[in-house]
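Report on the structure
Spelled out, the chains give:
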Amino acid sequence: DVKVTQSSRYLVKRTGEKVFLECVQDMDHENMFWYRQDPGLGLRLIYFSYDVKMKEKGDIPEGYSVSREKKERFSLILESASTNQTSMYLCASSFNWAGGYEQFFGPGTRLTVL
Amino acid sequence: QQQVKQSPQSLIVQKGGISIINCAYENTAFDYFPWYQQFPGKGPALLIAIRPDVSEKKEGRFTISFNKSAKQFSLHIMDSQPGDSATYFCAASGDQAGTALIFGKGTTLSVSS
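Here is what the cut-offs are and how they apply
- Residues numbered from 1 in each chain as written.
- Chains lettered and ligands numbered in written order.
- Predicted model: local features only at pLDDT ≥ 70, side-chain atom pairs only at ≥ 80, totals over all residues.
- Heavy atoms only, no water.
- Helix = DSSP H or I, 4+ residues; strand = E, 2+ residues; numbered from the N terminus.
- Rg over C-alpha atoms; globule rule 2.2 N^0.38 Å.
- Buried < 20%, exposed > 50% of the residue type's maximum accessible area, 1.4 Å probe, protein only.
- Contact = heavy atoms within 4.5 Å.
- Pairing = 2+ DSSP bridges.
- Axes fitted to C-alpha atoms, helices over the stretch in contact; angles between N-to-C directions.
- 1 Å grid on protein atoms, 1.4 Å probe; cavity = no way out; pocket = protein on both sides within 12 Å on 5 of 7 lines; lining within 4 Å.
- Points joined across faces, edges and corners; volume = space filled by probe spheres on them.
- Nonpolar A, V, L, I, M, F, W, Y, C, P; charged D, E, K, R; others polar.

We now examine the overall build of chain B. Each helix and strand counted, chain B has 0 helices and 11 strands in total. For chain B, the α and β elements follow one another from N to C terminus as β-β-β-β-β-β-β-β-β-β-β. Its C-alpha radius of gyration of 14 Å places chain B within 12% of the 13 Å reference for a compact globule of 113 residues. C-alpha extents for chain B along the principal axes are approximately 45 × 30 × 20 Å. Split into buried and exposed, the 113 residues of chain B put 45% on the buried side. Residue pairs in contact within chain B that sit at least 24 positions apart in sequence constitute 54% of those at least 6 positions apart.

Here it is, written out as structure tokens:
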């Protein structure tokens, strides 16, 4: 079974802190994604990566950056956390760069910024 | 053109009834249409998916109906059960490299017993 794990289920940070969210997948998938989920807004793509050291902006990249130094690991970085970044963050991975392949999601990290 | 519009936002169905969730898209380049199911505290998981070369796909109690000319697709849950209570997301993507899934805003389904 594909497993996507996220480093924390719950995280509380202060405004202005630098925050790292880590995601690891164990199926040798090329593609990895970071989404943000908010009530009434669905899943919004922040960044995705189709190969090591490669990244593409999604719909809402402002205030975020990403890092992919190894194929299995994709990190989301909040350079200076703000209260409007309080949200559920979901990581996903998929086998192929093109669309049309199943994305496997992690359990999510609920981030609260005070 | 990149949006996927999903309705209703929430749905209450009696046990044994039919749940219907609708989605519409505008981008004619989309050719992969999955539905994801998310239970509280979990990440979304693929439920069923369809490509536009067929008008319907059925897996157990779950059916996707696809209308290419209207650019609409829907999820039907037959004999809805309390265990089906979850949030459902439709999505769409193209098949070429460089595309990502575009998700609808989700529908919260509650099946009452």
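That was the structure; now back to the text.
From N to C terminus, chain A includes 0 helices and 11 strands. The helix and strand sequence of chain A, counted from the amino end, reads β-β-β-β-β-β-β-β-β-β-β. The globule rule puts the C-alpha radius of gyration for 114 residues at 13 Å, and the 13 Å found for chain A is close to it. By principal-axis analysis of the C-alpha atoms, chain A measures approximately 35 × 30 × 25 Å. In chain A, which comprises 114 residues, the share counted as buried stands at 49%. Relative to all contacts within chain A whose residues are 6 or more apart in sequence, the contacts with residues 24 or more apart total 56%.

Residue and element names in this part refer to chain B. Judged by pairing direction, the sheet is antiparallel, and its 5 strands sit side by side in the order β1-β3-β8-β7-β6 without closing on themselves. Sheet topology places β1 (4-7) and β6 (56-59) at the edges, where each strand pairs with a single neighbour. The mean inter-strand angle of the sheet, taken between neighbouring strand axes irrespective of direction, is 15°. With 4 bridges joining them, β1 and strand β3 (residues 19-25) adopt antiparallel strand pairing. Paired with K5 across the strands is A24, a residue of β3.

Turning to the side chain of B:N27, a few remarks are in order. Its place among the elements puts B:N27 in the loop between β3 and β4 (33-38). Judged by relative accessible area, which is 12%, B:N27 ranks as buried.

So, on to the sheet that holds strand β7 (residues 64-70) of chain A. Residue and element names in this part refer to chain A. Judged by pairing direction, the sheet is antiparallel, and its 4 strands sit side by side in the order β1-β3-β8-β7 without closing on themselves. Looking at the sheet topology across the chains shown, the edges are occupied by β1 (4-6) and β7. The sheet shows a mean angle of 20° between the axes of neighbouring strands, taken without regard to direction. Here 6 bridges tie strand β3 (residues 19-25) to strand β8 (residues 73-78), and the two strands are oriented antiparallel to one another. In the sheet register, L21 faces β8, and the bridge partner there is L76.

The volume enclosed by the largest pocket comes to roughly 510 Å³. As for the largest pocket, its lining consists of 25 residues, of which A:Q37, A:P39, B:Q38, B:T87 and B:F89 are closest to the centre. Mapped by element, the contributors of at least two residues to the lining of the largest pocket are β4 (31-38) and β9 (87-94) of chain A together with β9 (86-92) of chain B. Looking at which element gives the most residues to the lining of the largest pocket, the answer is β9(B), with 3 residues. Looking at side-chain class alone, the lining of the largest pocket contains 8 nonpolar, 13 polar and 4 charged residues. The computed volume of the second largest pocket comes to approximately 430 Å³. Lining the second largest pocket are 21 residues; nearest its centre among them are A:L43, A:D59, B:Q2, B:I102 and B:F103. Of all the elements, strand β5 (residues 42-49) of chain A adds the most residues to the lining of the second largest pocket, at 4 residues. In terms of residue class, the lining of the second largest pocket is built from 10 nonpolar, 6 polar and 5 charged.

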